[in-house]
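Remarks on the overall topology
So you can see what is in the structure, the chains are spelled out below.
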Amino acid sequence: MVIKTIDKHFYKQLGMQLRKIRQEKELSLKDMRDKTGFSKTLIDFWELGQSKIKPAQYKILCDALGIESDFEVEVRL
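Residues numbered from 1 in each chain as written. Predicted model: local features only at pLDDT ≥ 70, side-chain atom pairs only at ≥ 80, totals over all residues. Heavy atoms only, no water.

Structural notes on the pattern of salt bridges
Between side chains of opposite charge, a pair can form as their charged atoms come close. Within this structure, the stated rule accounts for six salt bridges. The salt bridge partner of Arg19 is Asp44, with a shortest N-O separation of 2.3 Å. Taken together, the residues span a long stretch of sequence, with Arg19 in helix α1 (residues 8–24) and Asp44 in helix α3 (residues 40–48) at a distance of 25 residues. According to the relative accessible area criterion, Arg19 is partly exposed, its value standing at 22%. Put simply, Arg19, Arg22, Asp44 and Glu47 are held in one network by salt bridges that share partners. (Salt bridge = Lys/Arg side-chain N within 4 Å of Asp/Glu carboxyl O. Helix = DSSP H or I, 4+ residues; strand = E, 2+ residues; numbered from the N terminus. Buried < 20%, exposed > 50% of the residue type's maximum accessible area, 1.4 Å probe, protein only.)

Listed below in C-alpha cells is the structure:
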C-alpha cells in the first residue's frame, strides 16, 4: 500500500484497523500493554487517531498483534 500524504485521516484509518484487529484477536488494551510496554492510554489514542504512531512503535504493535508491518509511505513536502 502506498500512502500519498500523511494526515489526520491516515492516522485515524490506521488506528481503526489496529483496533479492529486487536478486538478480532480478543486482546484487551491491558493485554496490549503487557505485550508492548506501551500504556493503555497511548494505545487507545493511537487507535482513535488522536496520536501519531512512529514507525518503530507501529512495528512493535504489529509484532504484538501477529501481523505484517510492511507498507510504504510517501510524504509530499
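What to know about the nonpolar core
Formed by 15 residues in total, the largest nonpolar core has its most connected members in Leu14, Leu18, Met32, Trp46, Ile53, Tyr58 and Leu61. Contributing elements (two or more residues each) for this core: α1, α3 and α4 (55–65). The biggest single contributor to this core is α4, with five residues. In contact with Leu18, other than residues within four places in its own chain, are Glu47, Ile53, Tyr58, Leu61, Leu65 and Ile67. (Core = buried A, V, L, I, M, F, W, Y, C linked by side-chain atoms within 4.5 Å. Contact = heavy atoms within 4.5 Å.)

Comments concerning the packing of helix α2 (residues 29–36) against α4
Interaxial distance between α2 and α4 falls to 10 Å at its minimum, and their mutual angle equals 115°. Between α2 and α4, the crossing angle belongs to the class labelled roughly perpendicular. In terms of crossing hand, the pair formed by α2 and α4 is right-handed. Note on element contacts: α4 touches α2 through Ile60, Leu61, Ala64 and Leu65, opposite Met32, Lys35 and Thr36. (Axes fitted to C-alpha atoms, helices over the stretch in contact; angles between N-to-C directions. Parallel < 35°, antiparallel > 145°, perpendicular 65-115°, else oblique. Left-handed = near helix turned anticlockwise from the far one by under 90°.)

Digging into the environment of Met16
Checked against the element boundaries, Met16 lands in helix α1. Assessed through its relative accessible area of 40%, Met16 is described here as partly exposed. The spacing of Met16 and Glu47 is 31 residues in sequence and 5.6 Å in space, taken between C-alpha atoms.

Focus: the side chain of Glu47
For Glu47, the location among the structural elements is in helix α3. Owing to a relative accessible area of 6%, Glu47 belongs among the buried residues under this scheme. Setting aside residues no more than four positions away along its own chain, Glu47 makes contact with Lys12, Gly15, Met16, Leu18, Arg19, Arg22 and Leu29.

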